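Single-letter residue listing:
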Amino acid sequence: MAIFTALLVSSIAILLSGASPIKAFSALAVGAFGTRDNLIETVVKATPLIIAGLGVALAFRGGLFNIGVEGQLFIGSIVAVLVGTNFDLPKIINVPLVMLAGALAGALLAAFSGYLKAWHGAHEVITTIMMNYIVLRIITWAIGANGPLRKPLSIVPETRSLFESARLPLLISDTRLHMGIVIALALAAGVYFLLFRTVLGVEIRIVGKNLHAAKYVGINVKRNIVLTMALSGGLAGLAGAIQVMGIPPYNFTTGFNVGYGFDSLAVAVLGSIHPVGVVFSALLFGAMDAGARLMQLRAKVPIDIITLLQGLILMFVAANQIIRSLYHLPAPSKEDSVNLTQSWGGE
Amino acid sequence: MKNNKDPILSLHNITKSFGSVVANDSIYFDLYPQEIQVLLGENGAGKSTLMKILYGMYQADQGEILINQQKVVIQDPNDALRLGIGMVHQHFMLVPVMTVTENLMLGDEKTKGNAFGKLSKLDRETVRQEIIALGNKYGLQVNPDAVVEDLSVGEAQRVEILKVLYKGADILILDEPTAVLTPQETSELFEIMRSLIKQGKSIIFITHKLKEVLAVADRIAVLRNGKVVGHTTPAESSIEELALLMVGREVLLTATKGQSHPGKVVLNIKDLSIKSKSEVMVVKNFSLQLRAGEIYGIAGVQGNGQSELIEAITGLMQPHSGHIIILNKDVTHSSPRQITLVGTAHVPEDRQKHGLVLGFSVATNLVLQTYYLPPFSNGWVIYPEKVEENADEKIDEFDIRTPSRDALVSNLSGGNQQKVIIARELSRPINLLIINQPTRGLDVGSIEYIHKRIIEARDKGVAVLLVSAELDEILSLSDRIGVMYAGELVAEMDAKGANREQLGLYMTGSKKEKMLKENINQ
Ligand SMILES: Nc1ncnc2c1ncn2[C@@H]1O[C@H](COP(=O)(O)OP(=O)(O)OP(=O)(O)O)[C@@H](O)[C@H]1O
Ligand SMILES: [Mg+2]
């Protein structure tokens, strides 16, 4: 519904910019799904969004607003690069090793924010944003001129490429489609299982919904907060690692991951904080990214329209009350549906 | 009776379903000017639903609402307020961190504030004055500058009523306001209600306490299973008749129980003192020995340290000094989970705050204390089929009225929410049952049932510590009674010899007895 309304509203914007909405959106669709390569591009773009989006969703379920995905994703990438450019082990060991390193880096970073919240009451929104800045600065330094990770003799800030043994295998050779999507889907299933079928998941969700009840039930709330943040950051870090491991030229430059961290917040919200929803909304965002260029080319629509469309979708989702009353829909009434305003409130 | 006048409010043929549950089934209801009409009915009978329809929170599937013989459409609470209908909800709806004045100003048209939503000093002062004026007019004194979270429940309630009056309501809906009030606060509320009636207001009053019904009602409407099953007046009725009308069968109003057979000491509290967050000593040198197979009732006006005592025993709060020993294990500084695992069950005072996760299903809430244990889990993975099986069993056994086991517990009626907690806490192997206000908000039929279950637990050898604001409940369930006043155990007696008057004296602190330290030798 939100998507439909957003399409409607952005059509108006396209009209105002003097182009045809139908032409624009059909170009968008072709750009995203029209050919095999376009479809692959959609999937490739969606992959990190799925994984990081799962991280955001997990934190949301635990009542935590992990706005530090961007930083956790970056640190995941950079640590993956660090390991993947220094170790050249057999692929079967090296790929998991590099992924693990990235995930661990993100997890540690987020867990620190979790620790600050649980033991010192510092709000995770503030601390994770601060971490974003810190990570950004460190990376700028590390890949900047004379930085330790700077690729020798390169004129742009970038790292060396990962050893072949640290790169993700391709699913279809001679395309960009790498193993990442398989991992992402497996993780979605894993997060679903974790949240709804495990003891830890139930505890995360109890803490997220009712802190008082969590204490009454005897959950170790502090430990739970740190753990939730670690898992969330771990997913973000893994998303970062998979980006550098899956996409040529298999290195880290400033710029290339920018925005994924924040888009994944949007993806989680649009996906109703549910693993299945996250997969679909990530694919949608991936499609919009992938199709944007063709839309611009064919319909002469500024590429910013895509950003507008994403923003609108998000706004309508967040304001789902408006949408509900607009279309006379009933309120959600199942345990795995969530009320966003509630999870933002933290209690 | 004011039958010569026309009704100020009429509900015609109101029907409302939630999925397969028909909460209101072609209901006709009239309210006359300046009357207090009591809406009586079992838990889940549809009282709150009907009132929420009237207040615009739900839309009826069918039927119409007439105010002064005029058909009206009530889309939302703003419409209701415009038509002079105000509602005080079963669960509080105030913002705890704001002052009374600020709470009243929320969402108020008169004080929209400037373009940035900032409220001017002037507005604030006007509202303050108005609160004081309203308070004087209706005998509803509250401090307009008090922060809501610091108020007692009775005061918070008054603020809720003030809020409704402030918005100009003529018809007041009070949904179970007395469930959380002390007897004193209740009689104060009745004074307020009478004075409101005198000044031209009309009131719909929901309660499960039949004594109150007889004390305050002009007329009584009885709801059962979403249908109106009868009308009566206090003069034509009695408690027994009301109970019969409500539940549709004879109800035992006082619990029957056999002789108790106290066994070994299960809970031993030694010299316990507790400091509140604001560093006030709220429980002082409290000692108590509770034995297997007995029910120990703690009587007392709310706010005399009972809640803190319970929180300390259950591990939710750290005591200042003293010891708590459960079955020879010192649990003074144990976590709530450790205390649960030695076989303690706890029915908390505030069911929505501690006892339930409102956004979870009935099934999940029923395993909130056991989800990590077999058979529901192997410690890591949860077995949903077992959780569902358990839910079906408990819903059946405890007669929990819910559309399904997967329904969110927030959609259950207040009484049925309580049943979910009771079912969960009573149906696992326990040695000690700590139960605070077990029947708050429950109908007489459910009270009868829950009392029976508590006595059954006792007879199986569970030690029961009961805290209740209802003297009748204390008197009919307890084997021994202790009275708490100002954080101290001021009296302890055998329930057989106890009576209301004597307890009342201890509860208000006008009488104090050297504690009878009976059989201290364990
Ligand atoms: N939002 C909702 N969604 C689904 N079912 C609901 C909802 N609200 C109420 N019900 C159902 O409607 C029935 C009537 O509920 P209601 O809250 O009106 O009862 P009540 O008479 O106020 O009971 P109590 O005395 O326990 O407060 C119950 O079976 C309840 O489960
Ligand atoms: Mg109700």
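Relevant structure appears above.
It should be emphasised that the depicted structure is a prediction, and the values quoted were computed from it without experimental measurement.

Visitor: Before we go on, may I ask you to explain helix H8 (residues 239-247) of chain B in this structure?
Guide: Since there are 3.6 residues in each turn of an α-helix, residues three or four apart along the chain are aligned in direction. All names here are of chain B. Taken together, the buried positions of H8 are occupied by Leu-242, Ala-243, Met-246 and Val-247. For H8, the arc enclosing every buried residue in end-on projection is 110 degrees, short of the 170-degree limit, so these residues lie on one face. For H8, the elements touching its buried residues are strand S3 (36-41), helix H7 (210-216), strand S9 (219-224), strand S10 (227-232) and helix H15 (444-459).

Visitor: I would appreciate a short explanation of the packing of aromatic side chains in the present structure.
Guide: Geometry of an aromatic ring pair is reported as the spacing of the ring centres plus the angle between the planes. Summed over all chains, the structure comprises 9 aromatic pairs over all chains. A centroid spacing of 5.2 Å and a plane angle of 25 degrees characterise the contact between A:Phe60 and A:Phe65, whose relative ring orientation is stacked. Among the residues examined, A:Phe60 registers a relative accessible area of 3% and is labelled buried. Pairing B:Phe18 with B:Tyr58 gives two aromatic rings, centres 5.2 Å apart and planes at 75 degrees, and the pair type is edge-to-face. Separated by 40 residues along the polypeptide, B:Phe18 in strand S1 (residues 9-18) and B:Tyr58 in the loop between helix H1 (47-54) and strand S4 (62-67) bring together distant segments of the chain. Using a relative accessible area of 31% as the deciding quantity, one classes B:Phe18 as partly exposed. In this structure an aromatic cluster arises from ring pairing among A:Phe112, A:Tyr115 and A:Trp119.

Visitor: Explain the interface of chain A and chain B to me, please; I cannot follow it from the model alone.
Guide: For interface size, the figure often reported is the accessible area lost on association. Contacts between chain A and chain B engage 20 residues on the former and 30 residues on the latter. Carbon and sulfur atoms make up 62% of the area that chain A and chain B hide from each other, which totals about 2100 Å². Joining chain A to chain B, the criterion identifies 1 salt bridge. Ionic pairing is found between B:Arg337 and A:Glu203, a salt bridge with its closest N-O pair at 3.4 Å. If you look at where chain A meets chain B, you find 12 residue pairs in polar contact (both at pLDDT 80 or more). Listing elements by their share of the side of chain A that touches chain B, those giving two or more residues are helix H7 (180-197), helix H8 (199-209) and helix H9 (211-217) of chain A.

Visitor: What am I meant to see in the site of ligand 1 here?
Guide: Residues and elements named next belong to chain B. Near ligand 1 you find 20 residues, and of these Gly-44, Lys-47, Ser-48, Thr-49 and His-208 are the closest. A distance of 2.8 Å separates an oxygen atom of ligand 1 from a polar atom in the backbone of Gly-44. Within the side chain of Tyr-58, one N or O atom sits 3.2 Å away from a nitrogen atom of ligand 1. For ligand 1, whose unbound accessible area comes to 640 Å², protein coverage reaches 91%. Among the secondary structure elements, those contributing two or more residues to the shell around ligand 1 are strand S2 (21-31), H1 and helix H14 (414-426). Here the element with the most residues in the shell around ligand 1 is H1; it accounts for 3 residues. Residues belonging to the shell around ligand 1 are distributed by class as follows: 6 nonpolar, 11 polar and 3 charged.

Reading guide: rules and limits
- Just so you know, the residues in each chain are numbered from 1, in the order the chain's sequence is written.
- Going through the entries in the order they are written, you letter the chains from A and number the ligands from 1.
- With pLDDT at 70 or above as the cut-off, local features in this predicted model cover only qualifying residues; side-chain atom pairs require 80 or more to be listed or tallied, and sums for whole chains, interfaces and linings still use all residues.
- The side-chain quantities take in all heavy atoms of the structure and omit both hydrogens and water.
- For every residue, the accessible area obtained with a 1.4 Å probe (protein chains only) is divided by the maximum for its type, and the residue is called buried under 20%, exposed over 50%, and partly exposed between those limits.
- Going along the chain from the N terminus, every DSSP run of H or I of four or more residues is numbered as a helix, and every run of E of two or more is numbered as a strand.
- This arc is taken over the directions from the axis of the helix to the C-beta atoms.
- Every residue pair with non-hydrogen atoms within 4.5 Å of one another is taken to be in contact.
- Each pair of aromatic rings taken from Phe, Tyr and Trp, with Trp reduced to its six-membered ring, is defined by centres within 6.5 Å and is described as stacked if the planes are under 30 degrees apart, edge-to-face if over 60, and tilted in the remaining cases.
- When two parts are brought into contact, each loses some accessible area as probed by a 1.4 Å sphere; the total of that loss over both is the buried area.
- We define a salt bridge as a contact between a side-chain nitrogen of Lys or Arg and a carboxyl oxygen of Asp or Glu at a distance within 4 Å.
- What qualifies as a polar contact is a pair of N or O atoms within 3.5 Å, subject to a donor-acceptor requirement within protein and to the restriction that residues adjacent in sequence count only when both atoms come from side chains.
- The cutoff for a nearby residue is simple: one of its non-hydrogen atoms must lie within 4 Å of the molecule or strand.
- Per-residue and other accessible areas follow the Shrake-Rupley method at a 1.4 Å probe size, with only the shown protein chains counted as cover for residues.
- Following the grouping adopted for this structure description, the nonpolar residues are Ala, Val, Leu, Ile, Met, Phe, Trp, Tyr, Cys and Pro, the charged ones are Asp, Glu, Lys and Arg, and the polar ones are all others, Gly among them.

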